[in-house]
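# Summary of the model geometry
This is what each chain is made of:
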Amino acid sequence: MVPMDGEGQPPDQNDESEPIFREQLPSLHSAMLKRIQSICTTSTVKRRIHVLQWLPKYRVSYIASDIIAGVTVTLTAIPQSIAYGILANLQPQDGINSNMVGCFVYFLFGSVKDVTVAPTSIMAIMIQGYVTKLGPGVSLLTLMAGGVTFLFGLLNLGFLMRFISMPVITGFTTAACLTIGSTQLRSLFGISTKGKSSDFVDAWENVIQNVGETRLWDALLGFGSIAFLLVLRLTKDSGSDNRWKTFFKYLALTRNAMVVTIGASIAYGFSINGTQPFILTGHVAAGVPPFRIPPLSVTNNGTYYSFSDMISIMGSSIVTIPLVSTLEIISIGKAFSKDKIVDATQEMLALGLCNMAVAFFSPLPVAGSFTRTAINNSSGVKTSLGCAVTAAMLFLAMAALADAFCYIPKATLASVVITAMIFMVDYNGMAEIWRVKKLDMVPFLGTVIACLFFGLDKGILIGIAMNCCHLLYHISTPRIEFHLSLVEDIRVLLVRPAMDLTFSSAEYMRDCVVKTVKNTCENPVDLVVLDGSRVNYVDTTAVKNLAGVESDLRSKDVGLVIWRWKRSTAGGLVRLGDKFRALLSNDGDLNEVVLNWKTPTEGLLQRCH
């Protein structure tokens with residue numbers, strides 16, 4: 001019996017090459033040197049500062065498309081950014097400032113032309129509770145979240161996104177939509193009383209307890225605005241010819257700007273007569289967003305918070321916000337990149353830089369916005385210059401229209417958010433989960449329930465943990481094929497693991513082999529052949545358990561042959577103990593294995609049955 005090499009061939013042996021199973025460790029010095037050399041190149045700089053890659057190839061014919069897309073996105077970005085700033089318990093201008101800075105930085109570093117980086121409803125709801133406690137100190141959370149995202153990109157940790165399955169993503173999105181929609185009910189009905197928090201349960205409890213405070217005009221305007229938005233959304237594909245289809249398409253794209261303009265005009269008309277039946281947005285600071293260094297300590301509502309206190313309050317959000325924002329931008333990038341591969345590392349680097357820059361102008365973090373990205377795409381954007389146009393238009397809007405923003409009714413902004421949430425729920429995704437694998441409803445429903453009752457940041461971690469437990473269960477109980485046959489008058493049990501053997505599955509495999517041998521008491525097994533043709537990796541725990549299998553079988557007078565193992569995997573066995581060297585076999589078929597095992601040990605086959 002002889003061991004095999006990495007290609008399944010017996011290695012050449014001589015007196016000088018006895019340690020043929022020695023493990024070759026990679027050179028850390030050479031690996032680091034190679035990594036540093038790859039970073040310090042012109043191509044890497046162009047790839048990471050992405051504007052340097054596409055700007056030299058820019059065509060004059062692209063300008064019109066990029067300007068139209070940028071202006072169209074701005075018409076939706078203004079009302080949504082104001083709404084998300086208020087949703088996060090911040091000032092209305094904070095949402096616009098986040099959008100402005102985020103768009104400009106993404107224009108420089110982003111790799112997907114369609115993606116628009118902006119404050120999102122999910123980001124707003126995730127920092128809302130921290131704003132209540134820390135006030136402007138939340139900008140430190142935005143800075144740290146950006147730094148963590150950037151670090152993820154530097155370390156090429158995009159693979160971590162693979163551990164967040166579709167059921168968990170769908171569950172999180174569904175719960176986020178329900179939570180965000182619920183928090184807007186108070187503004188929709190014109191209720192002034194704030195609840196204990198903006199969690200799903202507290203939001204509904206506040207509305208039910210204070211439903212008597214409902215203001216008729218706010219409710220009428222809010223529900224009327226929802227109806228208006230739904231009609232325009234549902235008629236976007238109407239029209240009998242191309243001219244009318246184009247008209248309805250762009251009418252639908254500007255629906256948010258239209259409903260906000262109408263609401264603000266009505267409120268302004270009432271203010272001229274000295275009355276105001278609506279709760280308004282209030283003052284919006286005009287001009288260039290002020291530059292502020294995120295504080296390392298803060299006093300809010302008379303309470304002093306040191307740096308350690310702030311970190312303690314932020315807790316898991318320092319990781320969950322980067323996790324969720326990265327998930328948003330990569331999933332949106334993949335959805336709109338068509339056949340192009342999304343560079344997850346570049347998107348993480350770009351998003352991290354966006355949030356680090358935003359932190360110096362606004363506390364509200366940014367992520368990929370599905371709504372604005374969809375508008376950008378449908379408007380025919382050609383390059384990331386569309387983001388720069390959006391940033392410039394937002395700057396002009398803050399300079400020229402800030403005074404008009406104060407007349408926007410909160411009920412109108414609530415209608416914009418609620419309508420967006422209705423269409424953000426992935427109804428098709430839920431149906432696919434039920435149709436394809438009903439067992440996946442467990443992590444889906446678990447994520448929804450956890451997010452609704454424990455908050456979005458804790459809920460997604462619970463959902464990921466549930467899914468990882470499910471994954472670990474499958475890894476720890478790999479499929480192992482058992483075939484019992486009679487070869488050369490020897491009763492042979494062929495054992496074929498279907499995957500690699502690691503610490504999680506080692507004990508399971510040992511138990512299965514020993515139990516199967518024990519269950520053949522009527523026709524006892526003479527030889528166990530462990531086929532490693534599908535095993536490409538073993539660790540120390542697996543090797544120790546294989547040694548345990550050999551001991552268990554030897555105590556039952558059952559032979560063991562380790563067949564068709566690659567040198568990389570068989571090496572672990574040999575390095576544990578020399579006894580495994582004699583058990584390794586590279587024979588062509590099972591008959592040869594049995595024959596070679598039987599011949600030198602025939603005298604040992606006598607047993608008492």
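Every value quoted in this text rests on a predicted model; they were computed, and no experiment measured them.

## Description of the overall build of the chain
- Secondary structure summary: the chain contains 27 helices and nine strands in total.
- Dimensions of the chain, computed from C-alpha atoms along their principal axes, come out at roughly 110 × 65 × 60 Å.
- Evaluated residue by residue, the chain yields a buried proportion of 50% over its 609 residues.
- A total accessible area of about 29100 Å² is found for the chain, and carbon and sulfur atoms account for 62% of it.
- Computed over 50 positive and 45 negative side-chain charges, the separation of the two mean positions in the chain equals 9 Å.

## Quick word on the pattern of salt bridges
- As enumerated under the stated definition, the model contains eleven salt bridges in all.
- With a shortest N-O distance of 2.7 Å, Glu481 and Arg479 are connected by a salt bridge.
- Here the residues in one salt-bridge network are Arg479, Glu481, Arg496, Asp531, Arg534 and Arg564, joined through shared partners.

## Some details on unusual backbone geometry
- A positive phi angle is found at Asn301, which is not glycine, with a value near 55°.
- With respect to the helices and strands, Asn301 occurs in the loop between strand S2 (298-300) and strand S3 (303-305).
- Judged by its relative accessible area of 69%, Asn301 falls in the exposed class.
- Phi is positive for Asp557, close to 60°, though the residue is something other than glycine.
- For Asp557, the location among the structural elements is in the loop between helix H25 (540-555) and strand S8 (559-563).

## Overview of the nonpolar core
- Among the nonpolar cores identified, the biggest contains 97 residues, and Tyr106, Met126, Ile127 and Phe405 are the most heavily contacted of them.
- Beyond its immediate chain neighbours, meaning those up to four positions away, Ile127 contacts Ala88, Leu90, Val138, Leu141, Ile321, Pro363, Leu364 and Pro365.
- Counting residues in hydrophobic clusters, the runner-up holds 30 residues, among them Leu493, Val535, Ala570 and Leu584.

## Things to note about helix H16 (residues 344-358)
- In a regular helix each residue adds 1.5 Å, so 15 residues correspond to 21 Å; H16 covers 21 Å between its end C-alpha atoms and thus fits that length.
- Burial of H16 is extensive: eleven of the 15 residues sit out of reach of the surface.
- All of the buried residues in H16 are Thr345, Gln346, Glu347, Met348, Leu349, Ala350, Leu351, Gly352, Cys354, Asn355 and Val358.
- For H16, the capping residue at the N-terminal end is Asp343, with a side-chain oxygen 3.2 Å from the backbone nitrogen of Thr345.

## What to know about the packing of helix H8 (residues 166-183) against helix H20 (residues 410-424)
- One can describe the packing of H8 onto H20 by two numbers: an axis separation of 9 Å at closest approach and a directional angle of 160°. Put simply, H8 runs roughly antiparallel to H20. Handedness of the crossing formed by H8 with H20: left-handed. The residues of H20 that touch H8, namely those facing Thr173, Cys177, Ile180 and Gly181, are Val417, Ile418, Met421 and Met424.

## Description of the confidence of the model for the chain
- Overall, the predicted model of the chain reaches an average pLDDT of 85, with 91% of residues at or above 70.
- This model gives residues 601-609 a pLDDT under 50, and the stretch forms ten contacts once residues within four places in sequence are excluded.

## Brief notes about the packing of helix H6 (residues 121-134) against helix H14 (residues 307-314)
- Where H6 contacts H14, the two axes come as close as 10 Å, and the packing angle between them is 150°. The orientation of H6 relative to H14 falls into the category roughly antiparallel. As H6 runs across H14, the sense of the crossing is right-handed. Contact residues: Tyr130, Lys133 and Leu134 in H6; Met310, Ile313 and Met314 in H14.
- Taken together, the residues that form the contact of H6 with H14 break down as five nonpolar, no polar and one charged.

## Structural notes on the sheet that holds S8
- As summarised here, the arrangement of the five strands in space is S5-S6-S7-S8-S9, forming an open sheet in which the pairing is mixed. This sheet does not close on itself; its edge strands, each paired only once, are strand S5 (480-487) and strand S9 (584-585).
- When S8 meets S9, the two strands line up parallel, connected through two bridges. Within S9, the position partnered with Trp563 by the bridge is Ser585.
- In the packing of helix H24 (residues 503-518) onto the sheet, the strands contacted are S5, strand S6 (490-497) and strand S7 (527-531), and the crossing angle to S5 comes to about 30°.

## A few points about the packing of aromatic side chains
- Per the counting criterion, the structure on display carries 14 aromatic pairs.
- Between Trp244 and Phe247, the aromatic rings sit 5.6 Å apart at their centres with planes inclined by 85°, giving edge-to-face as the arrangement. Taken together, the positions of Trp244 and Phe247, both in helix H12 (residues 242-253) and three residues apart, correspond to about one turn of that helix.
- By relative accessible area, which is 44% here, Trp244 ends up partly exposed.
- Relative accessible area serves as the criterion here: at 42%, Phe247 is assigned to the partly exposed category.
- With a centroid separation of 5.8 Å and an interplanar angle of 80°, the aromatic rings of Phe270 and Phe278 are classed as edge-to-face.
- What makes Phe270 partly exposed here is its relative accessible area of 25%.
- Through successive ring pairs, a cluster of aromatic residues spans Trp54, Tyr58, Tyr62, Phe104 and Phe107.

So, how was this worked out
- Residues numbered from 1 in each chain as written.
- Predicted model: local features only at pLDDT ≥ 70, side-chain atom pairs only at ≥ 80, totals over all residues.
- Heavy atoms only, no water.
- Helix = DSSP H or I, 4+ residues; strand = E, 2+ residues; numbered from the N terminus.
- Buried < 20%, exposed > 50% of the residue type's maximum accessible area, 1.4 Å probe, protein only.
- Areas by Shrake-Rupley, 256 points an atom, 1.4 Å probe, with all protein chains shown as cover.
- Lys, Arg positive; Asp, Glu negative; His and termini not counted.
- Charge placed at Lys NZ, Arg CZ, Asp CG, Glu CD.
- Salt bridge = Lys/Arg side-chain N within 4 Å of Asp/Glu carboxyl O.
- Core = buried A, V, L, I, M, F, W, Y, C linked by side-chain atoms within 4.5 Å.
- Contact = heavy atoms within 4.5 Å.
- Expected span 1.5 Å × (residues − 1).
- Polar contact = N/O pair within 3.5 Å; in protein donor to acceptor, adjacent residues only side chain to side chain.
- Axes fitted to C-alpha atoms, helices over the stretch in contact; angles between N-to-C directions.
- Parallel < 35°, antiparallel > 145°, perpendicular 65-115°, else oblique.
- Left-handed = near helix turned anticlockwise from the far one by under 90°.
- pLDDT = per-residue confidence, 0-100.
- Nonpolar A, V, L, I, M, F, W, Y, C, P; charged D, E, K, R; others polar.
- Pairing = 2+ DSSP bridges.
- Phe/Tyr/Trp six-rings, centres within 6.5 Å; stacked < 30°, edge-to-face > 60°.

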